[in-house]
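Topology and contacts: notes
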Amino acid sequence: MSWGALYFYYKCPKCGKLFKYSIDLIPEYQDEFGNCPVCNIKGEYLKEGAADLDDLLYEDID
Ligand SMILES: [Zn+2]
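Summarised in this report is the structure supplied together with it. Keep in mind it's a predicted model, so treat the numbers as computed, not measured. (Residues numbered from 1 in each chain as written. Predicted model: local features only at pLDDT ≥ 70, side-chain atom pairs only at ≥ 80, totals over all residues. Heavy atoms only, no water.)

1. Some points on the packing of aromatic side chains
In the structure shown here, the tally under the stated rule is 11 aromatic pairs. With a centroid separation of 6.0 Å and 70 degrees between ring planes, the pair formed by Y10 and Y45 is classed as edge-to-face. Within this pair, whereas Y10 is found in strand β1 (residues 6-11), its partner Y45 is found in strand β3 (residues 44-50), the two being separated by 35 residues in sequence. Classification of Y10 by relative accessible area gives buried; the value is 6%. With a centroid separation of 6.0 Å and 70 degrees between ring planes, the pair formed by F19 and Y21 is classed as edge-to-face. Judged on exposure class, the residue F19 and its partner Y21 are both buried. Taken together, the ring pairs connect F8, Y10, F19, Y21, Y29, F33 and Y45 into an aromatic cluster. The ring of Y7 has K20 sitting right over it, with the charged end atom 5.2 Å from the ring centre. (Phe/Tyr/Trp six-rings, centres within 6.5 Å; stacked < 30°, edge-to-face > 60°. Helix = DSSP H or I, 4+ residues; strand = E, 2+ residues; numbered from the N terminus. Buried < 20%, exposed > 50% of the residue type's maximum accessible area, 1.4 Å probe, protein only. Lys NZ or Arg CZ within 6 Å of the ring centre and 35° of its normal.)

Written out as structure tokens, the structure reads:
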């Protein structure tokens, strides 16, 4: 059994987009981790954890 990836979930305060970042991306994005992929501003942190039931609502950043 795999635990799967862990994610940080965000909602953009400007456009309302839902997106998630794998914690594996922290070293790659650093200060931009959690930014909206459309607006490039800091998203509103919602939660963190393994992929959830509503996971598909969130765009996967990679
Ligand atoms: Zn946005």
